[in-house]
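# Structural description and commentary
What follows is each chain in one-letter form.
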Amino acid sequence: INLSKMKLYYFSSKGRCEMLKLLLKEAKVDYEFKGYTWFDDKEWIEIKKTGKFDFDQLPALEDDGKIYGQSNAILHYLAAKYGFAPETPEDRYLNEWWLGALADIIGKMLPILFATLDEEKEKLTEEFFKIFAPLYLGAFEKRLAAKSNKDFLVSEKYQPADFSFVGLFSGMFDYPNVGGTWKELVKKY
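Values in this document were obtained by computation on a predicted structure and should not be read as measured data.

Here we take up a nonpolar patch on the surface. On the surface, a cluster of nonpolar side chains totalling about 290 Å² of accessible area is made up of Trp38, Leu110 and Phe114. Along the polypeptide, Trp38 turns up in the loop between strand E2 (31-36) and helix H2 (42-49).

Okay, structure coming up:
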């Protein structure tokens, strides 16, 4: 048995790793974090050449000598390992509903964050905040309004959707061109 400390690899930002950190914190797991800087980190460039991480992507988790990739897959692995996994088919469905919706948001946000032309960024941002975000936040509001316990997204305890939701939105507030608009939109809902 390998009793080495769990190790989480990501960049020095919240991003797709924040939900994993939140789950580990809630589970009171002592782990090591290795943060790389974006794009120009020489150590990251070298480690990518080794093929250590699936698809040369992060986040990655090292646990008992095994490397795990893909953020949602890691989230489910940790949820099962530490007692946060959905227990009923309905809870499973609701977790996947939330995770799918949050993946949609990320899919719409990334082009904005990485747009290189100001006109393109402005057009994508306007479309996102006038059409897409209200549609999704409205659906979130409707889903939450139907729940008696509003402390959790799905049931009476933390589950993967809760960690993903908090991780995603806390990270969005860190981007100056997006965060302020999110804060105003979230207040509305």
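Once the structure has been displayed, the description carries forward.
Moving on to the environment of Met19. When you line up the elements, Met19 lands in helix H1 (residues 18-26). Separated by 56 residues in the primary sequence, Met19 and Leu75 place their C-alpha atoms 7.5 Å from one another. The contacts of Met19, once residues within four sequence positions are left out, are Ser71, Asn72, Leu75, Phe163, Ser164 and Gly167.

Residues Asp118, Glu119, Glu120 and Glu122 make up a contiguous surface patch of negative charge. Examined against the element boundaries, Glu119 turns out to sit in helix H5 (residues 118-145).

In this chain, Leu58 is followed by Pro59 through a cis amide linkage whose omega measures 10°. Assignment of secondary structure puts Pro59 in the loop between H2 and strand E3 (60-63). Even without being glycine, Asp64 reaches a positive phi, approximately 50°. Assignment of secondary structure puts Asp64 in the loop between E3 and strand E4 (66-69). Looking at Asp64, the relative accessible area reads 42%, which means it is partly exposed. Of note in the backbone geometry, Gln70 takes a positive phi value of approximately 70° without being a glycine. Tracing the sequence through the fold places Gln70 in the loop between E4 and helix H3 (71-82).

Rules used in this analysis
Residues numbered from 1 in each chain as written. Predicted model: local features only at pLDDT ≥ 70, side-chain atom pairs only at ≥ 80, totals over all residues. Heavy atoms only, no water. Patch = residues over 30% accessible without salt bridge, like charges linked within 9 Å, V, L, I, M, F, W, Y side chains within 5 Å. Areas by Shrake-Rupley, 256 points an atom, 1.4 Å probe, with all protein chains shown as cover. Salt bridge = Lys/Arg side-chain N within 4 Å of Asp/Glu carboxyl O. Helix = DSSP H or I, 4+ residues; strand = E, 2+ residues; numbered from the N terminus. Contact = heavy atoms within 4.5 Å. Lys, Arg positive; Asp, Glu negative; His and termini not counted. Charge placed at Lys NZ, Arg CZ, Asp CG, Glu CD. Buried < 20%, exposed > 50% of the residue type's maximum accessible area, 1.4 Å probe, protein only.

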